[in-house]
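Letter by letter, the chains look like this.
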Amino acid sequence: MKRASAIWGWILPVVTGAMIIALWYGVRVVTGMQSWILPTPLEVLQAAVHERQLLLAAAGNTAVGALLGFTLAGVAGWVTSIVLGSSLSLRRSLYPWLLVLQMTPVIVLTPIIVLWAGAGLPGIVTVTFLISYFPVVANMTQGLLSTDRNLVALFRMSNASRFQELLLLRVPSALPYFLAGLRIAATLAPIGAIFGEYMVGSSAGGTGGLGFLVYSYNTQIKIPALFATALTSCLLGFIFVAGVALFNWAVLHKWHDSYEQPDR
Amino acid sequence: MEANAPIVKFHSVAKRYGDGALVLDGIDLSVETGDFVTLIGPSGCGKSTVLKLVSGLSPWTTGEVTVAGQAPRQARDRQSCIFQDATLLPWLTAQANVELPMRLRGENTAVRRARAAEMLSLVRLNDARDFYPRQLSGGMKMRVSIARALSVAPELLLLDEPFGALDEMTRNHLNEELLALRARAPFTAIFVTHSVSEAVFLSNRIFVMAARPGRFQAEVRVEFPCPRRPELREQPEFQAKVNEVSRLLHQVEGVEVR
């Protein structure tokens, strides 16, 4: 039963993928579009192979910016949540302004970021950070506030200090929430970095990340290469999400209900 | 401590939450050292609230509550609590869960390791020390919870319907184990339950409570000698006690229905 279901877990997405590719070819054939408007999947692959060195180097650069921004968002999000979770008045004073920050489109802030943080990596990391920070804070704060009331009573009855309650109870019980926030942040971080490179990097020569390639291929009308860049960006995103999933597994699989219980 | 000195005293205590109706009214209670006191009554009669007042989790409105002559909060080191859920921390092993109260009191690692291991073997969970709560059955979790509560050798144990969610067989076993543990390291107990036979089996004093407002309706003394064996449940005098308490409970609930 379980084996069969695992096999279907592989077969179904592959079948869907094949259908999408077939549809893609079909549209191309039926409409007779030019290759520079809609390249075939094969042409995209060919472009990817042809541009592989540029793409790989660019993906590496983007990964560095994304990873830095993501890590910063994770750490800052963790700390902010603990501050927010520890006092109602702090939460009331700060949370609305965090929302304001989240509501402000990053595109509006980009010129200011370039002005303050400078073009290149610092600006890119800042953009990535701004995009991935809020989901971490929102989730982790929710987690800190959702601690089981009976467990809190147990700690209070044992005369636990507020610090012990935070460290030994609230933070560990918020861990699954924190990781859920990180998962969202992981999908956003590469997007943030690429957007940052496109906006910040291109305006000052760029660091040669995927975002810069988008700009460059677009001006050269190398459309298959542009599709290949999209593909590379997807792969980078998957690596980020897989990394967080692995971390999630390492931290939670022994005790959390989201992982299947060992047969006993 | 001297035998028969009162450890918990309620002097005409009333309690309301916020501006709500009275949850408890006119509660007078003197629990003596060595007592096993059970509170039984319809839902909403304030049984659990009595425990909250004793543990200092919630303030009373009028009257006075003392534990060992002190304000409840000052006497927390003397007491432990077992809740309806096992309330284990899911990210800690059984062993680490039992160590928790000692850890919160700043006990050193070697002492709490040894003590927790000893407690777990007393509740027959030697082999489950490294298991996480989700790997344990309901009864096993509750035994970890008992080991945790008794690891600090409390003078006073508060039990808030601890066995209510378990099947009857497991519940009977745990009742017997609790009495065996109590014979080894005596503690005074205040126990809240819905089960009349459990109340009769465990306690020497049973308070039948009525609701709206929560108050003591009757006290039943249970004079069976200790140690109490499982066979006691089949004795006619045991059944007679169960019937007596049930009758009182029906009267109280009858009042409530009307």
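Quick caveat, the model's predicted, so the values are computed rather than measured. (Residues numbered from 1 in each chain as written. Chains lettered and ligands numbered in written order. Predicted model: local features only at pLDDT ≥ 70, side-chain atom pairs only at ≥ 80, totals over all residues. Heavy atoms only, no water.)

### Some details on the domain arrangement of chain A
All names here are of chain A.
For step 1, the next point in the chain: Splitting chain A by domain gives domain 1 (1-32) and domain 2 (39-252).
For step 2, the next point in the chain: Each of domain 1 and domain 2 has a C-alpha centre, and these two points are 30 Å apart.
For step 3, the next point in the chain: Taken together, the contact between domain 1 and domain 2 spans four residues of the former and seven residues of the latter.
For step 4, the next point in the chain: Summed over both partners, the interface of domain 1 with domain 2 comes to about 480 Å²; 68% of that surface belongs to carbon and sulfur atoms.
For step 5, the next point in the chain: A per-residue breakdown of the area domain 1 buries against domain 2 is headed by Trp 24, Tyr 25 and Arg 28, which together make up 95% of the total.
For step 6, the next point in the chain: At the boundary of domain 1 and domain 2, one finds one salt bridge.
For step 7, the next point in the chain: Ionic pairing is found between Arg 28 and Glu 43, a salt bridge with its closest N-O pair at 3.1 Å.
For step 8, the next point in the chain: On inspection of domain 1 and its partner domain 2, the count reaches two residue pairs in polar contact (both at pLDDT 80 or more). (Domains from an automatic or database assignment. Contact = heavy atoms within 4.5 Å. Buried area = accessible area lost by both parts, 1.4 Å probe. Salt bridge = Lys/Arg side-chain N within 4 Å of Asp/Glu carboxyl O. Polar contact = N/O pair within 3.5 Å; in protein donor to acceptor, adjacent residues only side chain to side chain.)

### Describing the packing of helix α2 (residues 41-50) of chain A against helix α10 (residues 223-252) of chain A
Residues and elements named next belong to chain A.
For step 1, the next point in the chain: Where α2 contacts α10, the two axes come as close as 8 Å, and the packing angle between them is 80°. One way to sum up the angle between α2 and α10 is to call them roughly perpendicular. Each of Glu 43, Val 44, Ala 47 and Ala 48 in α2 lies in contact with α10, whose residues at this interface are Pro 224, Ala 225, Phe 227 and Ala 228.
For step 2, the next point in the chain: Of the residues belonging to the contact of α2 with α10, the class tally is seven nonpolar, no polar and one charged. (Axes fitted to C-alpha atoms, helices over the stretch in contact; angles between N-to-C directions. Helix = DSSP H or I, 4+ residues; strand = E, 2+ residues; numbered from the N terminus. Parallel < 35°, antiparallel > 145°, perpendicular 65-115°, else oblique. Nonpolar A, V, L, I, M, F, W, Y, C, P; charged D, E, K, R; others polar.)

### A few points about helix α3 (residues 109-122) of chain B
Residue and element names in this part refer to chain B.
For step 1, the next point in the chain: If you check α3, its first and last C-alpha atoms are 20 Å apart, about what 14 residues at 1.5 Å a residue would give, namely 20 Å.
For step 2, the next point in the chain: On its buried face, α3 is in contact with α2 (94-104) and α4 (138-150).
For step 3, the next point in the chain: One or two positions beyond α3, positive phi appears at Arg 124, with a value near 60°. (Expected span 1.5 Å × (residues − 1).)

### Looking at the sheet that holds strand β5 (residues 79-82) of chain B
Adjacent strands of a sheet form backbone hydrogen bonds with each other and so pair up, either parallel or antiparallel.
Residue and element names in this part refer to chain B.
For step 1, the next point in the chain: If you trace the six strands from one edge of the open sheet to the other, you get β5-β6-β7-β3-β8-β9, paired in mixed fashion. A strand with exactly one partner marks an edge of an open sheet, and here the two such strands are β5 and β9 (215-221). Each adjacent strand pair in this sheet contributes to an overall mean axis angle of 20°, direction not counted.
For step 2, the next point in the chain: For strand β3 (residues 36-40) and strand β8 (residues 205-210), the ladder comprises four bridges, and the chain directions are parallel. Each residue of the ladder has a partner; that of Leu 39, found in β8, is Phe 207.
For step 3, the next point in the chain: In the packing of helix α1 (residues 47-55) onto the sheet, the strands contacted are β3, β5, β6 (156-160), β7 (188-193) and β8, and the crossing angle to β6 comes to about 150°.
For step 4, the next point in the chain: The strands touched by α4 are β5 and β6; relative to β5, the strand with the most contacts, the crossing angle is about 170°. (Pairing = 2+ DSSP bridges.)

### Points about the interface of chain B and chain A
For step 1, the next point in the chain: On the side of chain A, 25 residues touch chain B, which itself brings 24 residues to the contact.
For step 2, the next point in the chain: Roughly 2,300 Å² of surface becomes buried between chain B and chain A when both sides are summed, with 64% attributable to carbon and sulfur atoms.
For step 3, the next point in the chain: For the chain B face of the interface with chain A, the top three residues by lost area are B:Trp91, B:Leu104 and B:Arg134, together amounting to 38%.
For step 4, the next point in the chain: Here chain B and chain A share zero salt bridges between them.
For step 5, the next point in the chain: The interface formed by chain B and chain A holds seven residue pairs in polar contact (both at pLDDT 80 or more) in total.
For step 6, the next point in the chain: Secondary structure elements with two or more residues in the side of chain B that touches chain A: β5 and α2 of chain B.
For step 7, the next point in the chain: Split into classes, the residues belonging to the side of chain B that touches chain A amount to twelve nonpolar, five polar and seven charged.

### Topic: the pattern of salt bridges
Residues and elements named next belong to chain B.
For step 1, the next point in the chain: This structure, assessed with the given rule, holds 16 salt bridges over all chains.
For step 2, the next point in the chain: Glu 177 serves as the salt-bridge partner of Arg 124, at 2.4 Å between the closest nitrogen and oxygen. Taken together, the residues span a long stretch of sequence, with Arg 124 in the loop between α3 and α4 and Glu 177 in helix α5 (residues 168-184) at a distance of 53 residues.
For step 3, the next point in the chain: In this structure Glu 177 comes out as buried when scored by relative accessible area, which is 14%. (Buried < 20%, exposed > 50% of the residue type's maximum accessible area, 1.4 Å probe, protein only.)

### Observations concerning the side chain of A:Thr147
Residue and element names in this part refer to chain A.
For step 1, the next point in the chain: Considering the arrangement of structural elements, one finds Thr 147 in the loop between α6 (121-145) and α7 (149-157).
For step 2, the next point in the chain: At a separation of 3.0 Å, a polar atom in the side chain of Thr 147 contacts the main-chain carbonyl oxygen of Leu 144.
For step 3, the next point in the chain: Apart from the residues within four sequence positions on either side, Thr 147 is in contact with Val 152, Leu 169, Arg 170 and Ser 173.

### Quick notes on the environment of B:Phe191
Residues and elements named next belong to chain B.
For step 1, the next point in the chain: In this structure, Phe 191 sits in strand β7.
For step 2, the next point in the chain: Using a relative accessible area of 0% as the deciding quantity, one classes Phe 191 as buried.
For step 3, the next point in the chain: Measuring from C-alpha to C-alpha, the distance between Phe 191 and Pro 162 comes to 8.6 Å, with 29 residues separating the pair along the chain.

### Regarding α6(A)
All names here are of chain A.
For step 1, the next point in the chain: Helix length check: α6, at 25 residues, gives a terminal C-alpha distance of 36 Å against a target of 36 Å (1.5 Å per residue), a fit within 8%.
For step 2, the next point in the chain: At Ser 132, α6 is bent by approximately 30°, the largest bend along its length, and proline Pro 135 sits one to four residues beyond.
For step 3, the next point in the chain: Most of α6 sits out of view: 18 of its 25 residues are buried. (Bend = angle between axes of the 7 residues up to and from the residue.)

### Overview of the packing of helix α4 (residues 88-103) of chain A against α6(A)
All names here are of chain A.
For step 1, the next point in the chain: Look at α4 against α6: their axes get within 10 Å of each other, and the N-to-C directions meet at 150°. Where α4 crosses over α6, the handedness of that crossing is left-handed. Between α4 and α6, the residues in contact are Arg 91, Tyr 95, Leu 98, Leu 99, Leu 101 and Gln 102 and Leu 130, Tyr 133, Phe 134, Val 137, Ala 138, Thr 141 and Leu 145, respectively. (Left-handed = near helix turned anticlockwise from the far one by under 90°.)

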